[in-house]
Number of protein chains: 2
Amino acid sequence: MGTITVAQYALVYNAFSFTIAVMGAATIFSFLNRSQVAPAYRTAMTLTGIVTLIAGYHYVRIFNSWEASFVVEAGVIRLSGIAFNDAYRYVDWLLTVPLLLIELILVMRLSRAETVSKSVRLGLLAALMVALGYPGEIATDHGTRWLFFALSMIPFSVIVYELFFGLRKSISSQPVEARGLISGACWLTIGSWSFYPVVFVLPMLGIDGATANVAVQVGYTIADIVSKAVLGVLIYLIAVRKSEADGAYVSGAMPTPARA
Amino acid sequence: MGTITVAQYALVYNAFSFTIAVMGAATIFSFLNRSQVAPAYRTAMTLTGIVTLIAGYHYVRIFNSWEASFVVEAGVIRLSGIAFNDAYRYVDWLLTVPLLLIELILVMRLSRAETVSKSVRLGLLAALMVALGYPGEIATDHGTRWLFFALSMIPFSVIVYELFFGLRKSISSQPVEARGLISGACWLTIGSWSFYPVVFVLPMLGIDGATANVAVQVGYTIADIVSKAVLGVLIYLIAVRKSEADGAYVSGAMPTPARA
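Nothing here was measured: the structure is a model prediction, and the numbers come from that model. (Residues numbered from 1 in each chain as written. Chains lettered and ligands numbered in written order. Predicted model: local features only at pLDDT ≥ 70, side-chain atom pairs only at ≥ 80, totals over all residues. Heavy atoms only, no water.)

## Some points on the packing of helix H1 (residues 6-33) of chain B against helix H7 (residues 209-245) of chain B
Residues and elements named next belong to chain B.
Then comes step 1: Interaxial distance between H1 and H7 falls to 10 Å at its minimum, and their mutual angle equals 15°. Of the possible angle classes, the one that applies to H1 and H7 is roughly parallel. Crossing geometry of H1 relative to H7 is assigned as left-handed. When H1 is examined against H7, the residues Gln 8, Leu 11, Val 12, Ala 15, Phe 16, Phe 18, Thr 19, Val 22, Met 23, Ala 26, Phe 29 and Asn 33 are found in contact with a partner set consisting of Thr 211, Val 214, Gln 217, Val 218, Thr 221, Asp 224, Ile 225, Lys 228, Ala 229 and Tyr 236. (Axes fitted to C-alpha atoms, helices over the stretch in contact; angles between N-to-C directions. Helix = DSSP H or I, 4+ residues; strand = E, 2+ residues; numbered from the N terminus. Parallel < 35°, antiparallel > 145°, perpendicular 65-115°, else oblique. Left-handed = near helix turned anticlockwise from the far one by under 90°. Contact = heavy atoms within 4.5 Å.)

## Quick notes on the relation of the copies chain B and chain A
Then comes step 1: Laying chain B over chain A is done by rotating through 73° and shifting 0.6 Å along the axis; what remains is an RMSD of 0.1 Å. What the rotation and shift describe, once combined, is the action of a five-fold rotation axis.
Then comes step 2: A share of only 14% of the interface residues of chain B reappears at the interface of chain A, consistent with the copies meeting through non-equivalent patches. (Least-squares fit on C-alpha atoms with pLDDT ≥ 70 in both.)

## Some details on the pairing of strand E1 (residues 70-73) of chain B
All names here are of chain B.
Then comes step 1: Pairing of E1 with strand E2 (residues 76-79) involves 4 bridges; the strand directions are antiparallel. Of the residues in E2, the one forming a bridge with Glu 73 is Val 76.
Then comes step 2: In this structure, the hairpin formed by E1 and E2 is closed by a connection of 2 residues, where Ala 74 is found at a positive phi of approximately 50°. (Pairing = 2+ DSSP bridges.)

## Observations regarding the interface of chain B and chain A
Then comes step 1: Between chain B and chain A, the contact holds 28 residues from the first and 26 residues from the second.
Then comes step 2: Between chain B and chain A, roughly 2200 Å² of surface is buried when both sides are summed, and carbon and sulfur atoms account for 60% of that area.
Then comes step 3: A salt bridge links Glu 244 of chain B to Arg 112 of chain A; the shortest N-O distance between them is 3.1 Å.
Then comes step 4: Going through the elements one at a time, H1, E1 and H7 of chain B are the ones with two or more residues in the side of chain B that touches chain A.
Then comes step 5: Sort the elements by how many residues they give to the side of chain B that touches chain A and H1 of chain B lands first, with 12 residues. (Buried area = accessible area lost by both parts, 1.4 Å probe. Salt bridge = Lys/Arg side-chain N within 4 Å of Asp/Glu carboxyl O.)

## Details of the pattern of salt bridges
Then comes step 1: In the structure shown here, the tally under the stated rule is 15 salt bridges over all chains.
Then comes step 2: Salt-bridge contacts for Arg 121 of chain B lead to Glu 162 of chain B; the nearest nitrogen and oxygen are separated by 2.6 Å. You can see Arg 121 of chain B sitting in helix H4 (residues 112-138) and its partner Glu 162 of chain B sitting in helix H5 (residues 142-169), a full 41 residues away along the chain.
Then comes step 3: A relative accessible area of 37% means that Arg 121 of chain B is categorised as partly exposed.
Then comes step 4: For Glu 162 of chain B, a relative accessible area of 15% corresponds to the buried category.
Then comes step 5: Overlapping salt bridges bring together Arg 89, Asp 92, Asp 224 and Lys 228 of chain A as one network. (Buried < 20%, exposed > 50% of the residue type's maximum accessible area, 1.4 Å probe, protein only.)

## Re the nonpolar core
Then comes step 1: Formed by 118 residues in total, the largest nonpolar core has its most connected members in Ile 159 and Trp 193 of chain A together with Ile 159 and Trp 193 of chain B.
Then comes step 2: In terms of nonpolar packing, the next biggest core, distinct from the first, is built from 29 residues, Phe 16, Phe 70, Ile 77 and Val 214 of chain A among them. (Core = buried A, V, L, I, M, F, W, Y, C linked by side-chain atoms within 4.5 Å.)

## Let's talk about the environment of Ala 10 of chain B
Residues and elements named next belong to chain B.
Then comes step 1: Inspection of the secondary structure assignment puts Ala 10 in helix H1.
Then comes step 2: Residue classification places Ala 10 among the partly exposed positions, given a relative accessible area of 28%.
Then comes step 3: The spatial distance from the C-alpha of Ala 10 to the C-alpha of Thr 52 is 24 Å, given a sequence separation of 42 residues.

## Concerning the packing of aromatic side chains
Then comes step 1: Summed over the entire model, instances satisfying the criterion amount to 39 aromatic pairs over all chains.
Then comes step 2: Here the aromatic cluster, defined as three or more aromatic residues joined through ring pairs, consists of Tyr 88 of chain A together with Tyr 9, Tyr 13, Phe 16, Tyr 59, Phe 63, Trp 66, Phe 70 and Phe 84 of chain B.
Then comes step 3: Here the basic side chain of Arg 61 of chain A rests over the ring of Phe 63 of chain B, its NZ or CZ set 4.0 Å away from the ring centre.
Then comes step 4: Seen from the ring of Phe 200 of chain A, Arg 145 of chain A lies directly overhead, with NZ or CZ sitting 4.4 Å from the centre. (Phe/Tyr/Trp six-rings, centres within 6.5 Å; stacked < 30°, edge-to-face > 60°. Lys NZ or Arg CZ within 6 Å of the ring centre and 35° of its normal.)

## Quick look at helix H1 (residues 6-33) of chain A
Residue and element names in this part refer to chain A.
Then comes step 1: Across its 28 residues, H1 extends 40 Å between first and last C-alpha, which sits within 8% of the 40 Å expected from 1.5 Å per residue.
Then comes step 2: Among all positions of H1, only Gln 8, Tyr 9, Val 12, Ala 15, Phe 16, Thr 19, Met 23, Ala 26, Thr 27, Ser 30 and Asn 33 are buried.
Then comes step 3: In this structure, the buried side of H1 is in contact with helix H2 (42-68), strand E1 (70-73), strand E2 (76-79), helix H3 (87-108) and helix H7 (209-245). (Expected span 1.5 Å × (residues − 1).)

## Digging into the packing of helix H4 (residues 112-137) of chain A against helix H5 (residues 142-169) of chain A
Residue and element names in this part refer to chain A.
Then comes step 1: Taken N-terminus to C-terminus, the directions of H4 and H5 make an angle of 160°; their axes are 7 Å apart at the nearest point. In terms of their interaxial angle, H4 and H5 are classed as roughly antiparallel. Handedness of the H4/H5 crossing: left-handed. Counting all contacts with H4, which are made through Lys 118, Arg 121, Leu 122, Leu 125, Ala 126, Leu 128, Met 129, Leu 132, Gly 133, Pro 135, Gly 136 and Glu 137, the residues of H5 involved are Thr 144, Arg 145, Phe 148, Leu 151, Ser 152, Pro 155, Phe 156, Val 158, Ile 159, Glu 162, Gly 166 and Leu 167.
Then comes step 2: Partitioning the contact of H4 with H5 into residue classes produces 14 nonpolar, 5 polar and 5 charged. (Nonpolar A, V, L, I, M, F, W, Y, C, P; charged D, E, K, R; others polar.)

## Notes on the environment of Trp 193 of chain B
Residues and elements named next belong to chain B.
Then comes step 1: Looking at the element boundaries, Trp 193 is found in helix H6 (residues 176-201).
Then comes step 2: Take Trp 193: its relative accessible area is 4%, and that puts it in the buried class.
Then comes step 3: Trp 193 sits 112 residues away from Gly 81 along the chain, and the two C-alpha atoms are 33 Å apart.
Then comes step 4: If sequence neighbours within four positions are ignored, Trp 193 has contacts with Val 97, Leu 100, Leu 101, Met 129, Phe 156, Ile 159 and Ser 227.

## Describing unusual backbone geometry
Across the chain, the bulk of peptide bonds are trans and the bulk of non-glycine residues have phi less than zero.
Residue and element names in this part refer to chain B.
Then comes step 1: We note that Ala 74 has phi near 50°; this positive angle belongs to a residue other than glycine.
Then comes step 2: Inspection of the secondary structure puts Ala 74 in the loop between E1 and E2.
Then comes step 3: Take Ala 74: its relative accessible area is 63%, and that puts it in the exposed class.
Then comes step 4: Of note in the backbone geometry, Arg 109 takes a positive phi value of approximately 50° without being a glycine.
Then comes step 5: Positionally, Arg 109 belongs in the loop between helix H3 (87-108) and H4.
Then comes step 6: For Arg 109, a relative accessible area of 48% translates into the label partly exposed.

Everything listed here is a matter of coordinates, which is why it stays silent on function.
Below you can see the structure in the form of C-alpha cells.
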C-alpha cells in the first residue's frame, strides 16, 4: 500500500478501536440476555455472541497489525516495513459468516430436518464464498482480482437468493408479532452483505492506492458492525417476541422464566 | 528448521490465529449450551469445553513462539535465533487426549463400572501414547524418530481397537435417534487421530526440512481442530438427542430445563 496521510491513518485506527468496543459490548449483551429468551432460542443467542466475540478477537489483531505497519512521529507518517495482515478478515469471515447464517436459521425454529439441511448448505456456501474472495484480495493485479470477485459472487448470489426466497418464505409460518423483525433481519443481512463486494471492487476503480486502502478498511468495518452486532440485537428482539408468542412466559409452561 | 518463505510463515501464522478463534468459540459454546442438555450429560459438556480451552491456551503460546522465532522485515524473513517450542503440543495432548476419550465415554452414559474402567484404561493408554511420541518428535536423527513412532503406535492401536470394537459395540444400547451421531463421533475420532501419525512421519519422507516443518504445523493444526472442536459440536448434538430420548424435557423429569 502507498503512503497515507496521518489523518487517514488515525481514521482507520479509531474505526478499529471503536469496533473492538462494539463487538465486546454485543458479546456481553448476547451472553447475559440469553437467559431472557425461551430455551429454544438460546442456541441462536449463544452463536450471536460467539460471532461478535470472534470478530472482537480479530479486530484486536487487526488493530495491532495496523499500528505496527506504520510509524507516526512528529506529525510525519511512514511505513514501518512490517506488512499489514489482510488475512485476519478472511480468517474471521470463514468462521463468522457461516455462523451468522446458522443463527438466523436457528431463531426461525424450523423443523429439525430443515434446520440441518439449510445450515449445512448455506454454511458451506458461505465458507466457499469467503475462500474464493481471498486470492482476489491479496492479488496485485486487477485481472486476478476481478476473476476471484466473479467466482466468489456465485455462492454469494445463491445465498442471497436462499435468504430472499427460501428463508423469507418461511416467514408466513412465524408468529405475527415477529414477522416484521424477521423480515428486517433478512433484509439487514442482504443489505450489509451487498456492501462487501462494493468495498472489494473499490481498489479496481482507479482510486489512488492509499485512499482505496483506507476506504476498504473503513468500508469492511462498517459492514462488519452492521452484519454482526446490529443483526445480533435484531436476533435477540426476535427471540423475545417469539418466546412471548410461544406462551412460554405467559402460560407458565416454563417453570423458571427468567433465571439468569 | 531451515529458512521458510514469507508466504509459508504467514500460512502457519494465520492457521494458528484461526485456531485460537476456533478453540475460544468452541469453549464458549460448550460452556453456555451445557444448560441445554440433561444433567446426566453436563459433565461431558464441561470436559468438551475444557479440552478446547486448554487447546486455545496452548495455541496462544504456540502462536507467540512461532512469531518470536522469525523476523520478517520489508518482505525478507530470517530466523531470530529463538527456538520454536515443540513441547507445547505434547503438553497439550498429554492433558487433552485422555479428556477427549473420557468425554466420548461419558456422553454414552454406560454403567458406572464400565465408565470408570474404560476411562482409566483409555486415559492411561492415551497419556502413554503422547509421552512415547515426544522423544521421537524432538529427535534429530530418523532412527530415533522411527523407534518412538513405533512404540507410540502400540497404545494408539489399542485405543483405536477399543473405539472400534469396544465403544461402537455399545451403540446398540443407545437411543435410536443418537446412534448415527455416536457412530459419527467414533469415526471422526479414529479418522482425525489417524492424521497425527501421518503428519509425524512427514519429515522422515525426504521432504525438504522447511516445507516439512510447515506441513507438520498445518497438519497438526487441522487434526486438532477436527478432533477437539468439531468433535465437541458432535458431543453436544448427541447430548441433545439423548436428553430428548430420555424424556427429560417432555416428561418434566428435569425440574429446571434451561438453567444457565
